[in-house]
Number of protein chains: 4
Amino acid sequence: MLNVGVIGYGYWGPNIVRNFMALDQTDVGMVCDLNAAVLKKVKSLYPTIEVTQDYKEVLRSAKIDIVAVVTPVSSHYELAKAALESGKHVFIEKPFTATSKQAQDLVELAEKKNLKIMVDHTFIFTGAVRKIKEMIDDGVLGDLYYYDSTRVSLGLFQKDVNVIWDLAPHDFSIIDYLISHQPESLTAQGVDHVKSGQENIAYITVHYPNNLIVHVNVNWLSPVKVRTTLIGGKKKMLVWDDLQSDEKIKIYDKGVQMDTKEGMYQLLVDYRAGDMYSPRVDHAEALKSELAYFVECIETNETPINDGRAGLRVVKILEKADESLKQKGKLVTF
Amino acid sequence: MLNVGVIGYGYWGPNIVRNFMALDQTDVGMVCDLNAAVLKKVKSLYPTIEVTQDYKEVLRSAKIDIVAVVTPVSSHYELAKAALESGKHVFIEKPFTATSKQAQDLVELAEKKNLKIMVDHTFIFTGAVRKIKEMIDDGVLGDLYYYDSTRVSLGLFQKDVNVIWDLAPHDFSIIDYLISHQPESLTAQGVDHVKSGQENIAYITVHYPNNLIVHVNVNWLSPVKVRTTLIGGKKKMLVWDDLQSDEKIKIYDKGVQMDTKEGMYQLLVDYRAGDMYSPRVDHAEALKSELAYFVECIETNETPINDGRAGLRVVKILEKADESLKQKGKLVTF
Amino acid sequence: MLNVGVIGYGYWGPNIVRNFMALDQTDVGMVCDLNAAVLKKVKSLYPTIEVTQDYKEVLRSAKIDIVAVVTPVSSHYELAKAALESGKHVFIEKPFTATSKQAQDLVELAEKKNLKIMVDHTFIFTGAVRKIKEMIDDGVLGDLYYYDSTRVSLGLFQKDVNVIWDLAPHDFSIIDYLISHQPESLTAQGVDHVKSGQENIAYITVHYPNNLIVHVNVNWLSPVKVRTTLIGGKKKMLVWDDLQSDEKIKIYDKGVQMDTKEGMYQLLVDYRAGDMYSPRVDHAEALKSELAYFVECIETNETPINDGRAGLRVVKILEKADESLKQKGKLVTF
Amino acid sequence: MLNVGVIGYGYWGPNIVRNFMALDQTDVGMVCDLNAAVLKKVKSLYPTIEVTQDYKEVLRSAKIDIVAVVTPVSSHYELAKAALESGKHVFIEKPFTATSKQAQDLVELAEKKNLKIMVDHTFIFTGAVRKIKEMIDDGVLGDLYYYDSTRVSLGLFQKDVNVIWDLAPHDFSIIDYLISHQPESLTAQGVDHVKSGQENIAYITVHYPNNLIVHVNVNWLSPVKVRTTLIGGKKKMLVWDDLQSDEKIKIYDKGVQMDTKEGMYQLLVDYRAGDMYSPRVDHAEALKSELAYFVECIETNETPINDGRAGLRVVKILEKADESLKQKGKLVTF
């Protein structure tokens with residue numbers, strides 16, 4: 001039985017606690033939050049959990065094996081570093097850290113200490129993303145042409161990060177999981193419309209090897225919520241609408257091909273059979289699978305696919321996006 | 001009664017002929033196309049129309065007052081120039097010309113000859129765009145923050161132009177109509193996935209004064225057709241889904257505001273009443289209204305809103321997009 | 001070349017004329033309508049067509065082989081009878097006639113005269129209905145459990161018929177085509193809300209052999225247009241949304257089965273793989289296929305699937321529905 | 001502080017427990033279920049709650065003020081009666097009882113004992129139904145013409161009740177709340193396709209005064225989930241799609257009117273402005289509001305709108321539906 005100390009009980013913390021409680025192999029020993037009212041609520045729901053406003057108590061506690069860092073990104077580095085130094089495994093919210101330097105430090109520290117880091121890239125544990133991964137790996141889609149994500153809604157404005165750091169980690173962690181290649185260059189444009197100090201709308205275009213183009217549209221000021229991704233492959237194309245309760249993924253038997261006719265090269269969009277197919281997608285709670293997998297990684301000393309290095313790769317993209325943003329969309333290479 | 005000669009009877013030509021025939025103030029005297037089979041079809045449908053494979057016959061004909069140029073963009077300049085030189089008014093497909101230099105020439109020639117040019121920016125004559133224009137002009141939306149258009153489908157690959165020149169003229173002609181300001185700079189990224197010589201996917205981001213950001217996502221290789229535009233304003237926001245037969249436009253009473261609380265600036269997304277309202281939109285055929293308006297402009301010697309200068313402004317944006325595209329998305333200023 | 005005389009040039013007549021004109025094997029020789037303005041329009045569009053306000057001229061004309069009756073149902077019998085007596089084949093709008101007695105008469109008359117009747121059950125020539133027929137005949141759906149159609153919109157109130165006779169012929173002609181069995185009994189409820197003399201809303205439930213239940217919901221006063229049919233089979237289930245431009249038909253790998261467990265019968269809804277599949281559906285104009293098929297039936301002396309007997313079967317259901325309606329929904333047997 | 005004993009911890013019980021726990025004015029003292037494994041789960045989640053497999057312990061417990069009956073309908077009467085006789089207020093799942101006789105008994109018993117009964121007609125506490133009630137009461141819709149509900153999905157087959165008793169109580173409790181009149185007559189058709197002993201598909205048509213027609217389509221064997229209600233009024237019409245997360249309710253400025261023109265009565269469907277409006281709907285959890293309201297009714301000795309008499313009215317409709325069903329859809333009067 002692994003014992004978990006959870007630091008931060010805001011929007012996402014309750015889900016972390018509930019799921020670690022529900023797992024047979026884990027127990028939540030402590031919850032830390034600066035807000036006393038929140039701790040009172042934890043205590044009433046889970047009388048057995050110890051609560052504290054001082055995260056150092058969590059780190060000092062001998063019974064705690066895993067520290068879950070569920071705080072704003074600005075505090076990630078300090079908390080994770082202290083946790084690793086106290087000999088705890090770390091489960092940490094995305095984005096991993098505020099800089100790639102910090103991410104690199106944590107990765108090295110964890111390796112030195114022989115401890116595990118898992119970055120909470122929850123989406124890669126959803127039935128939808130697993131199914132897409134399967135489609136790509138099995139060659140159903142063929143060589144990938146583009147990945148085009150629209151992730152907009154009327155959102156809470158974050159204070160410490162812009163809309164890219166808030167929403168795009170979902171996309172980049174998914175892409176990191178789906179695609180074996182690393183990005184070559186990117187450009188990002190964005191605007192801070194309300195003088196909040198952070199861009200509330202942004203467009204990021206990332207170039208990958210083999211002409212794969214990735215585009216992410218993030219917006220805190222959209223009147224409607226959209227979570228739609230189009231993935232175009234040489235053989236087939238896919239639409240993933242994560243807001244659908246059923247039929248989240250639709251695969252289209254459509255594509256393009258070059259034909260030679262009458263001595264001339266002619267481009268034909270090929271509709272083929274033109275059928276559409278929507279595979280059943282597993283509805284199990286992704287976070288639960290992810291936490292169970294973390295426990296398994298610790299117990300078998302396996303490296304999680306969403307380890308600190310995966311977190312680092314995502315942070316690097318976010319960092320490059322900021323770099324481009326500050327130079328009015330200049331192409332930045334990796 | 002104005003007599004029209006139509007050059008080009010491909011995809012769009014039949015609509016031009018049908019609508020000019022239906023107008024009380026116009027008649028179609030001649031149709032020109034290189035394809036004899038097509039001319040035979042014209043003749044069977046409209047026995048009174050003269051047909052020819054030689055466009056010069058149209059220009060020479062004394063009875064023709066208006067020449068409609070409904071050919072690929074690469075031939076626009078030559079045909080329009082010849083028509084103006086023959087003393088004909090010109091109705092011409094979008095994009096106006098292949099270069100801004102050509103557009104400038106035609107504008108000057110028309111002015112010298114005291115002839116009218118109308119560029120077929122059909123969308124600005126639709127009920128939907130008219131309603132959006134009304135919303136903006138009446139201050140319903142407030143200062144504009146962003147205009148974000150997705151215009152993708154499984155399309156025919158054009159040979160003489162890339163996807164930007166094929167699809168984005170719709171967006172830029174609409175924006176030119178809706179917004180009084182001129183663009184300041186833009187970036188464009190795109191890829192030619194099938195070695196067709198033309199980009200089949202592209203993203204264009206255009207910066208306008210007052211932090212208005214315009215984004216256009218065009219794609220010939222999308223498995224699904226999308227024609228959705230989000231327009232965010234300080235007061236309200238709007239979604240225009242042109243594929244809906246009803247409820248094309250939805251206006252959301254949602255926005256954002258800065259509040260001062262407890263001595264600190266705090267950003268609140270303001271949901272207000274949160275109601276949504278979908279105004280009735282006129283369903284009349286836009287092309288018919290446009291052509292009637294052209295006749296009116298000729299008869300009253302009025303300058304069309306979609307005149308050669310409007311066409312030129314759109315071509316300039318397309319040209320700048322190509323310029324940025326060739327420099328891997330470099331920011332290009334106007 | 002068969003020559004067609006079209007009687008009635010209202011809402012649907014122009015489509016009949018256009019399609020008969022477009023077929024290589026047919027020509028439209030005459031159009032008859034009581035409205036002189038309408039005839040003028042026909043003349044301007046098709047200068048070669050003779051026009052008349054007297055339908056008897058059509059019947060007298062030796063050149064006419066086929067009479068298309070495109071008038072309100074109340075005049076169908078008289079016109080079709082006269083046409084048959086004049087030795088013309090008859091293409092006639094649905095519903096075939098105002099009573100089953102009339103339908104029976106016409107069927108017999110046509111047989112005696114060795115002439116063809118085709119009732120315009122257009123829907124059975126659409127790609128969607130053809131695909132559904134294929135699914136049923138191939139056993140994909142398994143034994144049918146139910147057919148549930150919602151066909152509502154804000155419609156024109158007909159004067160000579162109620163909403164059942166206006167909208168439900170679509171459904172009953174489709175069902176007649178899809179299902180080999182004949183109905184056993186039905187009930188119908190409806191209300192005339194605006195004292196128009198005709199019910200504007202109605203629900204018809206028809207019982208077929210083997211527990212197949214058919215339900216049709218028709219409404220002239222719905223704020224939204226719905227054209228959705230659910231078909232449940234023992235093996236699979238199908239949703240047909242005719243308002244979708246793509247993905248009109250979706251087939252679900254879902255069903256129910258009885259299982260024996262622990263000595264008890266237990267009913268399990270079986271989700272099986274749970275996949276959904278949307279086959280490509282032919283988009284060709286149904287009316288064109290139908291008319292070509294009529295010509296073929298005449299030339300090869302074949303009996304159309306949508307002959308007078310099919311029209312009669314549909315009229316019988318409508319008649320029974322009226323009978324039930326007048327008795328407050330009493331179950332009426334066939 | 002009112003103490004609640006919950007009998008039945010199956011599908012809905014956990015929601016009842018969670019919400020009574022969350023209310024400041026109530027506490028859950030006991031949970032009863034026949035399944036020991038379920039009780040163990042309750043204990044681990046809420047260590048303070050007493051658990052038992054014998055419902056009589058709940059009734060005997062002096063600390064319990066309210067008994068919540070969350071069991072299949074077949075046991076409702078016995079349990080509720082015993083609870084009332086033990087002096088407990090009763091919160092009970094819908095449908096209230098298996099027969100109207102039972103419902104009548106319980107109503108009388110509660111009145112004699114001066115205890116409250118609340119039937120869990122949850123939907124009437126949703127923001128959507130509250131908004132519709134407001135629209136009707138404020139005269140926005142005008143006189144009601146029809147109420148047409150489609151409530152279908154791939155559902156669990158109930159053993160003790162048919163699909164009408166399972167799904168239609170939602171509709172009839174909503175209608176009971178929205179409409180002040182009582183039904184006059186109804187017909188119901190249905191089929192048991194899988195020999196389960198219970199109809200799995202059914203259509204109920206209920207006639208109310210003033211030509212209001214109510215239609216409810218319920219189906220356990222639909223491949224897709226639909227929860228859509230159309231409400232037509234003389235002035236406006238409304239569509240309520242409960243599966244939408246936003247824009248659940250849309251109000252259409254559409255209707256019909258009689259006009260006198262040229263000395264003749266003519267019926268015109270009036271599109272008026274034709275706008276659509278979607279009001280913001282409260283998203284608070286309905287069950288929580290309902291339970292708080294129950295506490296308030298007990299404390300202020302107020303009669304709940306969803307009291308035993310409301311429950312009785314709904315059961316009467318279900319009973320009449322069964323009566324009609326058994327007579328093949330015979331019209332049954334109230």
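Residues numbered from 1 in each chain as written. Chains lettered and ligands numbered in written order. Predicted model: local features only at pLDDT ≥ 70, side-chain atom pairs only at ≥ 80, totals over all residues. Heavy atoms only, no water.

Novice: Would you mind going over the interface of chain B and chain A with me for this structure?
Specialist: Reports often express the size of an interface as the amount of accessible area lost when the parts come together. Residue-level contacts link 46 residues of chain B with 47 residues of chain A. Carbon and sulfur atoms make up 69% of the area that chain B and chain A hide from each other, which totals about 4,100 Å². When the buried surface of chain B facing chain A is broken down by residue, Leu154, His193 and Pro223 of chain B rank first, second and third, together holding 15% of it. Our enumeration of links across chain B and chain A arrives at zero salt bridges. Taken together, the connections running from chain B to chain A amount to 17 residue pairs in polar contact (both at pLDDT 80 or more). In terms of residue class, the side of chain B that touches chain A is made up of 26 nonpolar, 15 polar and five charged. (Contact = heavy atoms within 4.5 Å. Buried area = accessible area lost by both parts, 1.4 Å probe. Salt bridge = Lys/Arg side-chain N within 4 Å of Asp/Glu carboxyl O. Polar contact = N/O pair within 3.5 Å; in protein donor to acceptor, adjacent residues only side chain to side chain. Nonpolar A, V, L, I, M, F, W, Y, C, P; charged D, E, K, R; others polar.)

Novice: Whenever I open this one, helix H8 (residues 286–300) of chain D confuses me. Can you help?
Specialist: An α-helical turn contains 3.6 residues, so any two residues separated by three or four positions project in the same direction. Residues and elements named next belong to chain D. Taking 1.5 Å of rise per residue, the 15 residues of H8 would be expected to cover 21 Å, and the 21 Å separating its terminal C-alpha atoms lies within 8% of that figure. Buried residues along H8 sit against strand S1 (2–7), helix H1 (13–22), strand S2 (26–32), strand S4 (66–69), strand S5 (89–92) and strand S6 (117–119). Of the residues one or two after H8, Asn301 is the one with positive phi, at around 50 degrees. (Helix = DSSP H or I, 4+ residues; strand = E, 2+ residues; numbered from the N terminus. Expected span 1.5 Å × (residues − 1).)

Novice: Please explain the pairing of strand S8 (residues 185–191) of chain B as it appears in this structure.
Specialist: In regular strands, side chains alternate between the two faces of the sheet. Residue and element names in this part refer to chain B. Burial analysis of S8 places six of its seven residues in the buried class, the great majority of the element. Pairing of S8 with strand S17 (residues 332–333) involves two bridges; the strand directions are antiparallel. Its bridge partner being in S17, Ser185 is matched across the sheet by Thr333. (Buried < 20%, exposed > 50% of the residue type's maximum accessible area, 1.4 Å probe, protein only. Pairing = 2+ DSSP bridges.)

Novice: Looking at this structure, I do not really get the environment of Thr126 of chain B. What am I missing?
Specialist: Residue and element names in this part refer to chain B. By the element assignment, Thr126 lies in the loop between strand S6 (117–120) and helix H6 (127–137). Assessed through its relative accessible area of 16%, Thr126 is described here as buried. Residues Thr126 and Glu290 lie 164 residues apart in sequence; the distance between their C-alpha atoms is 9.1 Å. A polar side-chain atom of Thr126 sits 3.2 Å from the main-chain amide nitrogen of Val129.

Novice: When you look at the sheet that holds strand S1 (residues 2–7) of chain A in this model, what are you seeing that I'm missing?
Specialist: Within a beta sheet, neighbouring strands are joined by backbone hydrogen bonds and run either parallel or antiparallel to one another. Residue and element names in this part refer to chain A. Spatial strand order, S3-S2-S1-S4-S5-S6: six strands in an open sheet with parallel pairing. Of all the strands in the sheet, just strand S3 (50–52) and strand S6 (117–119) have a single pairing partner and so form its edges. Within this sheet the neighbouring strands show an average axis-to-axis angle of 20 degrees, counted without direction. Here S1 runs beside strand S2 (residues 26–32); their pairing, made up of six bridges, is parallel. Opposite Val6, over in S2, you have Val31 as the bridge partner. Against the sheet, helix H1 (residues 13–22) makes contact with S1, S2, strand S4 (66–69) and strand S5 (89–92), and its axis sits at roughly 150 degrees relative to S2, the strand it touches most. Set on the sheet, helix H8 (residues 286–300) makes contact with S1, S2, S4, S5 and S6; between it and S5 the angle comes to about 160 degrees. (Axes fitted to C-alpha atoms, helices over the stretch in contact; angles between N-to-C directions.)

Novice: Would you mind showing me how to read the pattern of salt bridges here?
Specialist: A side chain of one charge can pair with a side chain of the opposite charge when the charged atoms of the two come close. All names here are of chain A. Counted by the stated rule, this structure contains 48 salt bridges over all chains. With a shortest N-O distance of 2.6 Å, Arg313 and Asp176 are connected by a salt bridge. Within this pair, whereas Arg313 is found in helix H9 (residues 308–326), its partner Asp176 is found in helix H7 (residues 163–178), the two being separated by 137 residues in sequence. For Asp176, a relative accessible area of 17% gives the class buried.

Novice: What am I meant to see in the environment of Gln198 of chain A here?
Specialist: All names here are of chain A. Along the chain, the position of Gln198 falls in the loop between strand S8 (185–191) and strand S9 (201–207). In this structure the C-alpha to C-alpha distance between Gln198 and Gly10, which are 188 residues apart in sequence, comes to 21 Å. Those residues within four positions of Gln198 in sequence are excluded, and the remaining contacts are Gln158, Lys159, Asp160, Val161, Asn162 and Asp192. A polar side-chain atom of Gln198 sits 3.2 Å from the main-chain amide nitrogen of Asn162.

Novice: I keep staring at the packing of aromatic side chains and nothing clicks. Help me out?
Specialist: The geometry of an aromatic ring pair is captured by two quantities: the separation of the ring centres and the angle between the planes. Residues and elements named next belong to chain C. Inspection of every chain in the model, using the stated rule, returns 20 aromatic pairs over all chains. Aromatic side chains Phe123 and Trp240 sit 5.8 Å apart centroid to centroid with 75 degrees between the ring planes, which places their arrangement in the edge-to-face category. On the criterion of sequence distance, the pair formed by Phe123 in the loop between strand S6 (117–119) and helix H6 (127–137) and Trp240 in strand S12 (residues 237–241) is long-range, its members being 117 residues apart. For Phe123, a relative accessible area of 15% translates into the label buried. Relative to Tyr293, the ring of Phe125 lies with its centre 5.6 Å away and its plane at 45 degrees, an arrangement referred to as tilted. In this pair, Phe125 sits in the loop between S6 and H6 while Tyr293 sits in helix H8 (residues 286–300), placing the two residues 168 residues apart along the sequence. (Phe/Tyr/Trp six-rings, centres within 6.5 Å; stacked < 30°, edge-to-face > 60°.)

Take it as geometry only, folks, not as evidence of what the structure does.
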